Amino acid sequence: MKIVAAEKILRANDQLAEENREKFNASGVTCVNVVGSPGAGKTTLLEGLLAAIGDRVRPAVIEGDIAGSYDAERIEALGVPVVQINTSGACHLDANMIAAAIEGVECGDVDMLFIENVGNLVCTAGYDLGEHVRIVVLSTSEGDDKAAKYPAIFRGSDALFITKMDLKPHVNFDTERIAADMKRLAPGAPVFQLAAVRGEGIPEAAEWLLGKRQAKK
Ligand code: MG
Ligand code: ZN
């Protein structure tokens, strides 16, 4: 029987992620990995952000899903170049999948590449994709205890985007609590409060994101 240690697999992933990052750096692409549970509002957030930054940067999107292309179709409808990855069962994206997805993409024509990861708060934390920025998305309806319960994904993120703030009056969600947990896990990472369906919070989040741009070569 052959047994392969997870640590070894992750080390191989880290190497591939570094190669992806070098490729992005070489053509001045800023790569943003968007993680969060299924239904957190990642695609709706992306739609809002793309509309807000589209006239200042040339965006592209990689959509990661176990099956289907619903989210990719929504992005395509905005006229933004999109690549769909179907993981056929895998519950996270890895650096190898991203390497395959960016093959054939003319990185020189892209300033900001968004990766919408598979909806998952657990193992997405362990896989560096070669991104420069990682955003964790949490909706108010998921509960304010998620950073305490799933610390790894919050610890490794550069910002927390709290979505569905318009639902807050109807759910028990303590913004102070999640912000305090985030501050403990990722000191310095900003916390944005958004209601993307109404466009609320999008301009501030978009400005922050534009400030994270890598130098264009
Ligand atoms: Mg989605
Ligand atoms: Zn997984």
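Structure first, text after, so check above.
Keep in mind the model is a prediction, meaning the values are calculated, not measured. (Residues numbered from 1 in each chain as written. Chains lettered and ligands numbered in written order. Predicted model: local features only at pLDDT ≥ 70, side-chain atom pairs only at ≥ 80, totals over all residues. Heavy atoms only, no water.)

### What to know about helix 1 (residues 6-26)
Relative to the 30 Å expected for 21 residues at 1.5 Å per residue, helix 1 spans 30 Å between its end C-alpha atoms, a close match to the ideal helical length. Looking at helix 1, one finds that the buried residues are N13, A17, N20, R21 and F24. For helix 1, the angular spread of buried residues about the axis comes to 100 degrees, placing them on one side. Among the exposed residues of helix 1, those oriented more than 90 degrees off its buried face are K8, R11, Q15, E22 and A26. Packed against the buried residues of helix 1 are strand 1 (30-36), helix 4 (95-102) and strand 4 (112-116). (Helix = DSSP H or I, 4+ residues; strand = E, 2+ residues; numbered from the N terminus. Expected span 1.5 Å × (residues − 1). Buried < 20%, exposed > 50% of the residue type's maximum accessible area, 1.4 Å probe, protein only. Arc of directions from axis to C-beta. Contact = heavy atoms within 4.5 Å.)

### Focus on helix 4
It helps to recall that an α-helix has 3.6 residues per turn; residues three or four apart then point in one direction. Restricting attention to buried positions, one finds in helix 4 the residues A95, M97, I98, A101 and I102. Along the axis of helix 4, the buried residues cluster in a sector spanning 155 degrees; they form a single face. Where the residues of helix 4 are buried, they touch helix 1, strand 2 (59-65), strand 3 (82-86) and strand 4. Its side-chain oxygen at 3.1 Å from the backbone nitrogen of N96, D94 defines the N-terminal cap of helix 4. Two residues or fewer after helix 4 comes G104, characterised by a positive phi angle close to 90 degrees. (Polar contact = N/O pair within 3.5 Å; in protein donor to acceptor, adjacent residues only side chain to side chain.)

### Here we look at the side chain of N33
With respect to the helices and strands, N33 occurs in strand 1. Among the polar contacts made by the side chain of N33, one reaches the side chain of N117 at a distance of 3.3 Å. Here N33 is in contact with I115, N117, Y127, L129, E131, V133, R134 and I135, once residues within four sequence places are set aside.

### Observations concerning the sheet that holds strand 2
Strands sit in the order 3-2-4-1-5-6-7 across an open sheet of 7 strands; the sheet is parallel. Looking at the sheet topology across the chains shown, the edges are occupied by strand 3 and strand 7 (191-193). Adjacent strand axes in the sheet meet at a mean angle of 20 degrees when their direction is disregarded. Sitting on the sheet, helix 2 (residues 42-53) is in contact with strand 1, strand 2, strand 4, strand 5 (133-139) and strand 6 (159-163), with an inclination near 170 degrees to strand 4. Taken strand by strand, helix 7 (residues 175-185) contacts strand 5, strand 6 and strand 7, and its axis lies near 165 degrees from that of strand 6. (Pairing = 2+ DSSP bridges. Axes fitted to C-alpha atoms, helices over the stretch in contact; angles between N-to-C directions.)

### Digging into the side chain of E142
Within the fold, E142 resides in the loop between strand 5 and helix 5 (146-149). For E142, which is buried and forms no salt bridge, the nearest opposite charge comes from K164, at a distance of 6.4 Å. Side-chain polar atoms of E142 contact the side chain of S37, separated by 3.0 Å. With residues near it in sequence (within four places) discarded, E142 still touches S37, A40 and L121. (Lys, Arg positive; Asp, Glu negative; His and termini not counted. Salt bridge = Lys/Arg side-chain N within 4 Å of Asp/Glu carboxyl O.)

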